[in-house]
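What follows is each chain in one-letter form.
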Amino acid sequence: VQLQASGGGLVQAGGSLSLSCAASGRTFSMYSMGWFRQAPGKEREFVAHISWTGGSTYYADSVKGRFTISRDNAKNTVFLQMNSLKPEDTAVYYCATPSVRGSLRAGGRNEGDYDFWGQGTQVTVSS
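The shown structure was predicted, so the numbers you read here are calculated from the model rather than taken from an experiment.

Asker: So what exactly am I meant to see when it comes to the environment of V125 here?
Answerer: With respect to the helices, strands and loops of the structure, V125 is situated in strand β11 (residues 121-126). Taking the C-alpha atoms as reference points, V125 and A106, separated by 19 residues in sequence, lie 29 Å from one another. Among residues more than four places away in sequence, those in contact with V125 are V11, Q12, A13, L85, K86, P87, D89 and T90.

This is the structure:
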């Protein structure tokens, strides 16, 4: 399984960015997907998760109402639309997917439940 994240960049506070993660190597539509991020000097943290059908989504409290996760199973791609960006959103963003089908516990918030990770894309929000 390979995951390729893209779409990061530099944006001013209040702006928007859209991240994409293209998956290959297996049937994309059968697996849930997640986004995590890691800021300098901090541990990697959960951002958002989407079920394999796209019918269920979960968000970290820090991004709820500002970020939207979605997926296009026909294009084997998961997206993260980020609006109203804040300097504290600055981080490397990673997409990830588990090796098991079906739903993940705790809304996909546990990093250890994911087995495959993309290379990360840098998001920098200036104040």
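Asker: Sorry if this is basic, but what is going on with the state of the cysteines here?
Answerer: Structurally, a disulfide amounts to a covalent bond that connects the sulfur atoms of two cysteines. The tally for this structure, following the rule as stated, stands at 1 disulfide. Across a sulfur-sulfur distance of 2.1 Å, C21 and C95 are joined as a disulfide pair. Negative torsions about the S-S bond denote left-handed disulfides, and the value of about 65 degrees found for C21 with C95 makes this one right-handed. Placement of C21 in strand β3 (residues 17-24) and of C95 in strand β9 (residues 91-97) is noted, with a sequence separation of 74 residues between them. Relative accessible area serves as the criterion here: at 0%, C21 is assigned to the buried category. The class of C95 is buried, set by a relative accessible area of 0%.

Asker: Just to check I follow, could you spell out the side chain of R66 for this structure?
Answerer: Relative to the assigned elements, R66 resides in the loop between β6 (57-59) and β7 (67-72). Classification of R66 as buried rests on a relative accessible area of 11%. Of the polar contacts made by the side chain of R66, one reaches the backbone oxygen of S62; its length is 2.8 Å.

Rules behind the numbers
- Residues numbered from 1 in each chain as written.
- Predicted model: local features only at pLDDT ≥ 70, side-chain atom pairs only at ≥ 80, totals over all residues.
- Heavy atoms only, no water.
- Helix = DSSP H or I, 4+ residues; strand = E, 2+ residues; numbered from the N terminus.
- Contact = heavy atoms within 4.5 Å.
- Disulfide = S-S within 2.5 Å.
- Buried < 20%, exposed > 50% of the residue type's maximum accessible area, 1.4 Å probe, protein only.
- Polar contact = N/O pair within 3.5 Å; in protein donor to acceptor, adjacent residues only side chain to side chain.

Read these as layout, nothing more, since geometry by itself doesn't imply function.
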